[in-house]
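Below, each chain spelled out in residue letters.
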Amino acid sequence: MKQIARFLLVCLFIVPLSGCLYPQERLKQNQIPYKDQVAAVQSAVNEYRKATGGLLPIKTRDMKTPVYLKYPIDFQKLVPRYMQEPPGNAYESGGVFQYVIIDAETNPTVKLLDLRLAERIRDLKLRLKMYTDEHRYPPFKDVVAPGVFTLDYKKLGYKEPPYAVSPFSGNNLSFVIDGRGEIYIDYRSDLYNALKKYPHHYKPGDDIRALLTDHSLFVPAYSLPYTIDAKTNEPIFFTK
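Residues numbered from 1 in each chain as written. Predicted model: local features only at pLDDT ≥ 70, side-chain atom pairs only at ≥ 80, totals over all residues. Heavy atoms only, no water.

## Considering the packing of aromatic side chains
Inspection of the entire model under this criterion finds eight aromatic pairs. Between Phe97 and Phe218, the aromatic rings sit 5.9 Å apart at their centres with planes inclined by 50°, giving tilted as the arrangement. With Phe97 in strand 1 (residues 97-102) and Phe218 in the loop between helix 6 (210-213) and strand 9 (226-228), this pair connects stretches of sequence that are 121 residues apart. Here the basic side chain of Arg120 rests over the ring of Tyr163, its NZ or CZ set 5.0 Å away from the ring centre. (Phe/Tyr/Trp six-rings, centres within 6.5 Å; stacked < 30°, edge-to-face > 60°. Helix = DSSP H or I, 4+ residues; strand = E, 2+ residues; numbered from the N terminus. Lys NZ or Arg CZ within 6 Å of the ring centre and 35° of its normal.)

As structure tokens, then:
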């Protein structure tokens, strides 16, 4: 009995890191973006809208919240009337995805936000805060666009530049920072590939991020707006 109690105590402390109490297979399932799960949530959302006169089953967020974080689905409004339980890969079920709605006013569509992106940004923000507490200003390095910069990661204690794994391509994406100290993921490589791969009618001045959501289950979370360069037709930061 003492050995069992000791094992459970160890698990209690390390479960946030390793998922001790989760079977390994369940952990893998929670990290897979199944199309049928997204489709099931979309169906539940549609039924909820019909029953409520067009309302959306979403959590309240400030109007200033970035567009792809603005409309997270509130599963308490869907379960159990419109679906039995949240999908296994949803954050509410221990998964790594938050279900969100885009195009809320015109064509409410269910997409996935990969919460592992937030974890990467959180670590970078923590180091950045420690640095600015001592030096006042972030360690800006290069100017990428007006008001958009890269960081000197060695000054933040990194041996190698940090990155986020793209939910669209699986490639490593870098980070940028704006003049207010906000951290963003740089999706230019994903957008470049999407512009080459998919037919589109975007022109300079248009926000082209929908090119990613139109052909994927995911949203480009923690991103700045992007448009097309008039000369090269390549993605650039949409700064005013």
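Now that the structure is up, let's keep going.
## Focus on the nonpolar core
Counting residues in each nonpolar core, the largest one holds 39 residues, and the members touching the most others are Leu124, Leu151, Leu156, Phe175, Ile183 and Ile185. Among the elements of the structure, strand 1, helix 4 (116-135), strand 4 (148-151), strand 7 (175-178), strand 8 (183-185), helix 5 (188-197), helix 6 and strand 9 are those that each provide at least two residues to this core. Looking at this core element by element, the count peaks at five residues for helix 4. Once residues lying within four places of it in the same chain are set aside, the contact partners of Leu124 are Leu151, Tyr153, Leu156, Tyr158, Phe175 and Ile183. Formed by 23 residues, the second largest nonpolar core is a distinct cluster that contains Ile58, Phe75, Tyr82 and Tyr99. (Core = buried A, V, L, I, M, F, W, Y, C linked by side-chain atoms within 4.5 Å. Buried < 20%, exposed > 50% of the residue type's maximum accessible area, 1.4 Å probe, protein only. Contact = heavy atoms within 4.5 Å.)

## So, the pairing of strand 1
Of all six residues in strand 1, six are buried; the element is thus mostly enclosed. Residues Phe97, Tyr99 and Ile101 point to one face of strand 1 and Gln98, Val100 and Ile102 to the other, with burial holding for every one of them. As paired strands, strand 1 and strand 2 (residues 109-114) are joined by six bridges and run antiparallel to one another. By the bridge assignment for strand 2, Ile102 is matched with Thr109. Hairpin connection from strand 1 to strand 2: six residues lie between these consecutive antiparallel strands, with Asp103 at a positive phi of about 50°. (Pairing = 2+ DSSP bridges.)

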